[in-house]
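Analysis of the macromolecular model
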Amino acid sequence: MNKFSKFTKALSLTAVIGLGFAGVSNAATINFNNGVAASDGSGLTSQYIDPVNGGLPDYFIETFDSATGVPGFPGSTAYTDAGFEQDCAVNSVNNSPFGISVNGNAGEIGVRQGSVSGVAAAPANDTTCYGYLSNNNSGSATVEFDYTNLLNYFTAQAGNGVQLGITYLGFYWGSVDTYNDFEFYSGGSLVTEISGVGLLNQFGGSSGNQTSPNSNTYVEIEFSIAEQFDTLVINTSGVAGEFDNIVIGLSSREIPVPAPTGLALFAFGLVALGLRSRLKK
Ligand SMILES: [Ca+2]
Ligand SMILES: [Ca+2]
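Residues numbered from 1 in each chain as written. Chains lettered and ligands numbered in written order. Predicted model: local features only at pLDDT ≥ 70, side-chain atom pairs only at ≥ 80, totals over all residues. Heavy atoms only, no water.

Going by an unreviewed UniProt entry, the protein carries the name PEP-CTERM sorting domain-containing protein and comes from Alteromonas alba.

With respect to the packing of aromatic side chains
The condition is simple: A pair of Phe, Tyr and Trp rings is counted when the ring centres sit within 6.5 Å of each other, with Trp represented by its six-membered ring. The angle between the planes then sorts it: under 30 degrees is stacked, over 60 is edge-to-face, the rest tilted. To qualify as a helix, a DSSP run of H or I must reach at least 4 residues; to qualify as a strand, a run of E must reach at least 2; elements of each kind are numbered from the N terminus.
Tallied over the full model, the rule gives 18 aromatic pairs. On the basis of an interplanar angle of 70° and a centroid distance of 5.6 Å, the ring pair of F32 and F203 is categorised as edge-to-face. On the criterion of sequence distance, the pair formed by F32 in the loop between β1 (29-31) and β2 (36-37) and F203 in helix α3 (residues 196-203) is long-range, its members being 171 residues apart. Joined through ring pairs, the aromatic side chains of F64, F145, Y147, F171, W173, F182, F184, F223, F229 and F243 make up one cluster.

Section: the sheet that holds strand β13 (residues 189-195)
Applicable threshold: Two strands form a pair only when DSSP identifies at least two bridges running between them. Angular values range over 0 to 180 degrees, each being the angle between N-to-C directions of two axes fitted as lines to C-alpha atoms, with helices fitted over their stretch in contact. Two residues form a contact once any of their heavy atoms are found within 4.5 Å.
Spatially, five strands are ordered β7-β10-β15-β12-β13 in an open sheet, and the strand pairing comes out antiparallel. Edge positions in the sheet fall to β7 (101-104) and β13, since each of these pairs with one other strand and no more. Adjacent strand axes in the sheet meet at a mean angle of 20° when their direction is disregarded. Pairing between β7 and strand β10 (residues 141-146): four bridges, direction antiparallel. From the neighbouring strand, N103 faces β10, where its bridge partner is E144. Against the sheet, α3 touches β12 (180-186) and β13, its axis set at about 45° to β13.

Thoughts on the coordination of the calcium ion (ligand 1)
Note the cut-off: Keep in mind that water is not among the atoms, so a site may look incomplete; donors are the N, O and S atoms within 2.8 Å of the metal, or 3.2 Å for Na, K and Ca. Note on geometry labels: four donors, all angles 85 to 135 degrees, give tetrahedral; four donors become square planar and six octahedral when opposite donors are over 155 degrees apart and every other angle is between 65 and 115; remaining cases are irregular.
Each protein donor to the calcium ion (ligand 1) is listed here as T63 (O), D65 (OD), T128 (OG1), C129 (O), D244 (OD) and D244 (OD); together their distances run 2.3 to 2.8 Å. For the calcium ion (ligand 1), the six donor atoms are set out with angles of 49 to 175° between them, so the coordination reads as irregular. Counting gaps between the donor residues of the calcium ion (ligand 1) yields the pattern T-x1-D-x62-T-C-x114-D. Of this pair, D65 sits in the loop between β6 (59-62) and β7 while T128 sits in the loop between β8 (109-112) and β9 (130-134), and the two are 63 residues apart along the sequence.

Some remarks on the coordination of the calcium ion (ligand 2)
The criterion, for reference: When accessible area is computed with a 1.4 Å probe and restricted to protein chains, residues below 20% of their type maximum are described as buried, those above 50% as exposed, and intermediate ones as partly exposed.
Around the calcium ion (ligand 2), the protein contributes the donor atoms S175 (O), S175 (OG), D177 (OD), A240 (O) and E242 (OE), which lie 2.2 to 2.6 Å from the metal centre. Between consecutive donors of the calcium ion (ligand 2), the numbers of intervening residues give the motif S-x1-D-x62-A-x1-E. Here the residue D177 occupies a position in the loop between β11 (166-174) and β12, and A240 occupies one in strand β16 (residues 239-250), the gap between them amounting to 63 residues. Residue class for A240 comes out buried when judged on its relative accessible area of 1%.

So, the nonpolar core
The line we're drawing: Buried Ala, Val, Leu, Ile, Met, Phe, Trp, Tyr and Cys residues form a nonpolar core when they are joined through side-chain atoms within 4.5 Å.
The biggest cluster of nonpolar side chains holds 45 residues, and the ones touching the most others in it are F145, F184 and I221. Sequence-distant contacts of F145, that is, excluding residues within four places in its chain, are made with F64, V90, I100, S101, V102, D230, T231, L232, I234 and F243. In this structure, L44, Y48, I49 and Y168 belong to the second largest nonpolar core, which totals 10 residues.

Regarding unusual backbone geometry
For the bond running from V239 to A240, omega is 0°, close enough to zero to count as cis. Look at F64: it is not a glycine, yet its phi comes out positive at around 65°. Relative to the assigned elements, F64 resides in the loop between β6 and β7. The exposure class assigned to F64 is buried, which follows from its relative accessible area of 1%. One non-glycine residue, N137, lies in positive phi territory at about 65°. Topologically, N137 is positioned in the loop between β9 and β10.

Pasting the structure below:
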């Protein structure tokens, strides 16, 4: 068993969590236990899509890697740390030329590889480019990833008056700190949020740990159509909030049905046996 399967296995044993937040009635469900090893060496990715190999239709991934390698690609190097212009950028949705809008202070948002003390730490087992948000040791910092344009593009592509929504969001959250949090919006309304404090409490993780699976987690949120997602907001009041492999899934996406677990099969076998012995009587 490799390191990653141990990693995900440990997570599945410790947490199957659905949380409602924000004091509003919502149908968003949050899971922390389904991340899988990414084939590009970026640690964890969504169970639905890999940074290199792709995945199911209607899922898109932001890897912060090599966006500028695609001709005509509108990916931005505005937030890329000096020296990484050829490698890192915001917006690299699997060679798809359609963008997300990043709104925030360029002095607080960064895209880079590797860890630099006092700046940012690569998420556990992530040797690729990743994004981060830093308050530069003063006040709080905020960045918004707005997916409205991407959603409008795919809605236009679908045609026939079909209005698509975004009903899935996943991201790899590195070195979770008590002062990081992620918020998820629909049409300007907060649908749900995840705080670093809440996540660390759930896992028994230590704030800012750069290697432990209890502090480096793939987070997934499933949204109802009524509360479909369009904007991700990340806040931090310290150094730093790090993330990679941001995945969205359109409402037209496939949702694979999980295979029955061993326990479920065992229970089914017992029921079948019971029926058989009753029939014999
Ligand atoms: Ca990456
Ligand atoms: Ca951190």
